[in-house]
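Fold and contact review
Spelled out, the chains give:
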Amino acid sequence: KNYFKLAVLPGDGIGPEVINESIKILDAISESFGYQFEYSYGLMGAEAIYKTGNPLPDETLKICKESDAVLFGAIGDPAFDNNPDAKVRPEQGLLRLRKELGLFANIRPLKTYPSLIEKSPLKREIIEGTDIQIFRELVSGIYFGEKYTDEEGQYAYDNCKYSREEIIPIVHMAFREAQKRRKKLTLVDKANVLDTSRLWRKICQEISAEYPDVTLDFMFVDNAAMQLILNPKQFDVIVTENMFGDIISDEASVIGGSIGLLPSASIGESNALFEPIHGSYPQAKGKGIANPIASILSTAMMLDYLHLEHAAHKLKESVEHAIENKYVTVDLNADLHYSTSEVGSFIADYIRYSEKSYYN
Ligand code: IPM
Ligand code: MN
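Everything quoted here is computed from the prediction, not taken from an experiment.

Definitions and cut-offs
Residues numbered from 1 in each chain as written. Chains lettered and ligands numbered in written order. Predicted model: local features only at pLDDT ≥ 70, side-chain atom pairs only at ≥ 80, totals over all residues. Helix = DSSP H or I, 4+ residues; strand = E, 2+ residues; numbered from the N terminus. Rg over C-alpha atoms; globule rule 2.2 N^0.38 Å. Buried ≥ 20, exposed ≤ 12 C-beta atoms within 10 Å, placed from the backbone. Contact = placed C-beta atoms within 7 Å. UniProt positions renumbered as here; feature names shortened; annotations may be inferred. Pairing = 2+ DSSP bridges. Axes fitted to C-alpha atoms, helices over the stretch in contact; angles between N-to-C directions. Near = placed C-beta within 6 Å. Nonpolar A, V, L, I, M, F, W, Y, C, P; charged D, E, K, R; others polar.

This part takes up the overall build of the protein chain. A count of helices and strands for the protein chain gives 13 helices and 12 strands. In summary, the protein chain has a C-alpha radius of gyration of 20 Å against a globular reference of 21 Å for 360 residues, a match within 12%. Judged by the C-alpha coordinates and their principal axes, the protein chain covers about 60 × 50 × 45 Å. When burial is assessed residue by residue, the protein chain has 46% of its 360 residues classed as buried. Put simply, of all contacts in the protein chain between residues at least 6 apart along the chain, 75% involve residues at least 24 apart.

Pasting the structure below:
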């Protein structure tokens, strides 16, 4: 197959800027490798609320359901963050899309780049060589449980609920990934307090019998938050519930030096969505300073998902080339830095140039 329908949702804040660079890259990939990508743009988030009143318009959902994969930028707007009474919120669009597409596994890879080690606030000897895959459950738990605020605003609750069926698939996925890597899987939970965590533990223990070559261990989330900073190299694959995964993946992003580098893939039975883990970064909107690499590496994860491994490999190599040559945005080099679109063009040109010289 070399024709793919892609849904493109730029979203809010710096989303449109970083997505532009991903499209630039895909154009270079399509020229160099002969694939065809058809892009259908959709509104989501605060943008969509302003234009339609709905954070996930039906038209957007339709585009996504008909696509081979979804590329997504970012979501969020301070106008809503500062107003706890807002009934319609940008984030609802993303949460509903995850649910509608059944994107149960959010995969967040983390590694260090040799030339960026000094950018991390953590010490070289602690982080050098870190290579972690976080598998975060994405369509259940406290994010999707029953929620309520009483009329007088005196109390509120959010229910955290997990069923066996919701836990099993992502645990298998994480075990299979560990098998391909250093064969260690850590469940991050709070089993000393939460029933849902005890269910996760039980299921992980049962499933581990099918993966005798993988060592399974357990870590409480508070301790994991500390261990990620003290000794990140102890981790190989981490599997965890929705909210713990949200929190520890932002925390872990400091290991790589910039949250602007980290991609993610959200995978379901029959669709998948790819997004940078950084948010909408409203302070940077329109300034051309946002790091496009997280979005570009998310695009590489999409190429892998579409079984275009050769192109994905070339793209990752091109990103590394840009980083090693310090062709980066201001978050990674305060002295000599390039704009969002300069970094994107540099990577796109490298793909075109190196593929050509390879074939000629
Ligand atoms: C993320 C984001 C989202 C989440 C928000 C925007 C709803 O923080 O993808 O990590 O909490 O899942
Ligand atoms: Mn998050």
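Next comes the rest of the description.
Here the focus is the UniProt feature "domain: Isopropylmalate dehydrogenase-like" (unreviewed entry) in the protein chain. Under the local residue numbering, the UniProt record ascribes the feature "domain: Isopropylmalate dehydrogenase-like" (unreviewed entry) to residues 5-347. Annotated as residues 5-347, this span is 41% helix and 19% strand, and its ends, taken at the C-alpha atoms, are 23 Å apart.

Moving on: the sheet that holds strand β11 (residues 263-267). As summarised here, the arrangement of the 10 strands in space is β2-β1-β3-β12-β11-β4-β5-β10-β8-β9, forming an open sheet in which the pairing is mixed. Of all strands in the sheet, those with a lone pairing partner are β2 (36-41) and β9 (215-220), marking the two edges. Each neighbouring strand pair of the sheet contributes to a mean axis angle of 25°, computed without reference to strand direction. Across 6 bridges, strand β8 (residues 184-189) lies against β9 in parallel orientation. Residue Leu187 lies in a different strand from β9, and its bridge partner there is Phe218. In the packing of helix α10 (residues 242-252) onto the sheet, contacts are made with β4 (105-111), β5 (131-137), β8 and β10 (237-240), and the angle to β5 comes to roughly 150°.

Let's shift gears to the UniProt feature "binding site: substrate" (unreviewed entry) in the protein chain. Here the UniProt-annotated "binding site: substrate" (unreviewed entry) positions come out as Arg98, Arg108, Arg136 and Asp222. The greatest C-alpha distance among the residues just named is 26.7 Å, and with 125 residues of sequence between them they are spread in space as well. The residue Arg98 is located in helix α5 (residues 90-100) in this model. For Arg98, a count of 20 C-beta atoms within 10 Å corresponds to the buried category. Not counting chain neighbours up to four residues away, the residues in contact with Arg98 comprise Leu103, Leu138, Val139 and Ser266. With respect to the secondary-structure elements, Asp222 resides in helix α9 (residues 221-230).

Moving on, we get to the site of ligand 1. Taken together, Ile75, Gly76, Glu91, Leu94, Leu95, Asp246 and Ile277 are the residues near ligand 1. Among the elements that take part in the shell around ligand 1, α5 stands out by supplying 3 residues, more than any other. Here the residues of the shell around ligand 1 sort into 4 nonpolar, 1 polar and 2 charged.

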